[in-house]
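Chain by chain, the residues:
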Amino acid sequence: MIIESLPVINTAGCILSSALTIVVYDVVTHLDEEIDYIMRSKSISIKVIFILCRYLPIITGAIRIPFWVVGASINDEMWLTLIFSGSWLSVVQMVCGECTLLPAGASTGD
């Protein structure tokens, strides 16, 4: 009976909020270093890969906050759009992550 009176805790929303807070804190505390890194890099592809890998999790998390944390109600079409866009953002992020793991000469054939 006591358990039934406890409020329901949205575990996924709490985890998302915590993770997003840590990532945003990390970005804010290292922003000057990131700007220097981006400005010093001569390769545009490196800049794009770095920015996508660094900021896509924030964008993906920010898209999900209204639904997982706040509990906003949405229709089926919106859920499909959210799942589809989140899936593609995840694929892009994985590809960017894999590109950062490639050896320097692998992409140029050296």
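Each chain carries its own residue numbering, running from 1 in the direction its sequence is written. It should be noted that, the model being predicted, local features are given only for residues of pLDDT at least 70 and side-chain atom pairs only at 80 or more, the latter also being counted only at that level, while totals for whole chains, interfaces and linings use all residues. The basis for the side-chain values is all heavy atoms of the structure; hydrogens and waters are excluded.

Where helices and strands are cited, they refer to DSSP runs of H or I of at least four residues and of E of at least two residues respectively, numbered from the N terminus. Scanning the protein for helices and strands turns up 5 helices and 0 strands. Start at the N end of the protein and walk to the C end: the helices and strands fall as α-α-α-α-α. Note on classification: 1.4 Å probe, protein chains only; a residue is buried when its accessible area is under 20% of the maximum for its type, exposed when over 50%, partly exposed between these limits. Counting the 110 residues in the protein, one finds 15% classified as buried. A total accessible area of about 8,400 Å² is found for the protein, and carbon and sulfur atoms account for 71% of it. Accessible surface is estimated by sampling points in the Shrake-Rupley manner with a 1.4 Å probe; for residues, cover comes only from the protein chains shown.

Right, let's get into the confidence of the model for the protein. Residue-level confidence of the predictor, termed pLDDT, takes values from 0 up to 100. When pLDDT is averaged along the protein, the result is 75, and 76% of the positions lie at 70 or above. At the level of individual helices and strands, the protein shows its lowest average pLDDT in helix α1 (residues 2-5), which scores 53, and its highest in helix α3 (residues 31-40), which scores 87.

All right, on to the packing of helix α2 (residues 11-29) against α3 then. Viewed as axis vectors pointing N to C, α2 and α3 meet at an angle of 65°, and their least axial separation amounts to 4 Å. On α3, the residues touching Val-27, Val-28 and Thr-29 of α2 are Leu-31, Asp-32 and Glu-34. With axes taken as lines fitted to C-alpha atoms, and helix axes fitted only over the stretch in contact, angles between N-to-C directions fall between 0 and 180 degrees. Should any heavy atoms of two residues lie within 4.5 Å, those residues are counted as being in contact.

For the rest of this paragraph, the subject is the environment of Tyr-55. Following the sequence through the fold, Tyr-55 ends up in helix α4 (residues 44-68). Under the relative-accessibility criterion, Tyr-55 is labelled partly exposed at 23%. For the pair Tyr-55 and Gln-93, spaced 38 residues apart in the sequence, the C-alpha separation amounts to 9.4 Å. Apart from the residues lying within four places of it in its own chain, the contact partners of Tyr-55 are Val-27, Leu-31 and Glu-34.

What follows covers the layout of surface pockets. Roughly 170 Å³ of volume is contained in the second largest pocket. Considering the residues around the second largest pocket, the lining is formed by Ile-15, Leu-16, Ala-19, Leu-20, Val-23, Pro-57, Thr-60, Gly-61, Arg-64, Leu-89, Ser-90 and Gln-93. Ranked by residues supplied to the lining of the second largest pocket, first place goes to α2 with 5 residues. For cavity detection a 1 Å grid was placed over the protein atoms alone, and a set of points counts as a cavity when a 1.4 Å probe fits there but cannot get out; an open set counts as a pocket when protein lies on both sides within 12 Å along at least five of seven lines, with lining residues being those that have an atom within 4 Å of a point. Grid points are joined across faces, edges and corners, and a volume is the space filled by probe spheres set on the points.

A pairing counts as a salt bridge when a side-chain nitrogen of Lys or Arg comes within 4 Å of a carboxyl oxygen of Asp or Glu. Within the structure shown, the criterion is met by 2 salt bridges. Put simply, Glu-34 and Arg-54 hold a salt bridge, and the shortest N to O gap is 2.6 Å. With a gap of 20 residues between them, Glu-34 in helix α3 and Arg-54 in helix α4 connect regions that are remote in the sequence. This pair shows no difference in class: Glu-34 is buried, exactly as Arg-54 is. The network of salt bridges with shared partners includes Asp-26, Glu-34 and Arg-54.

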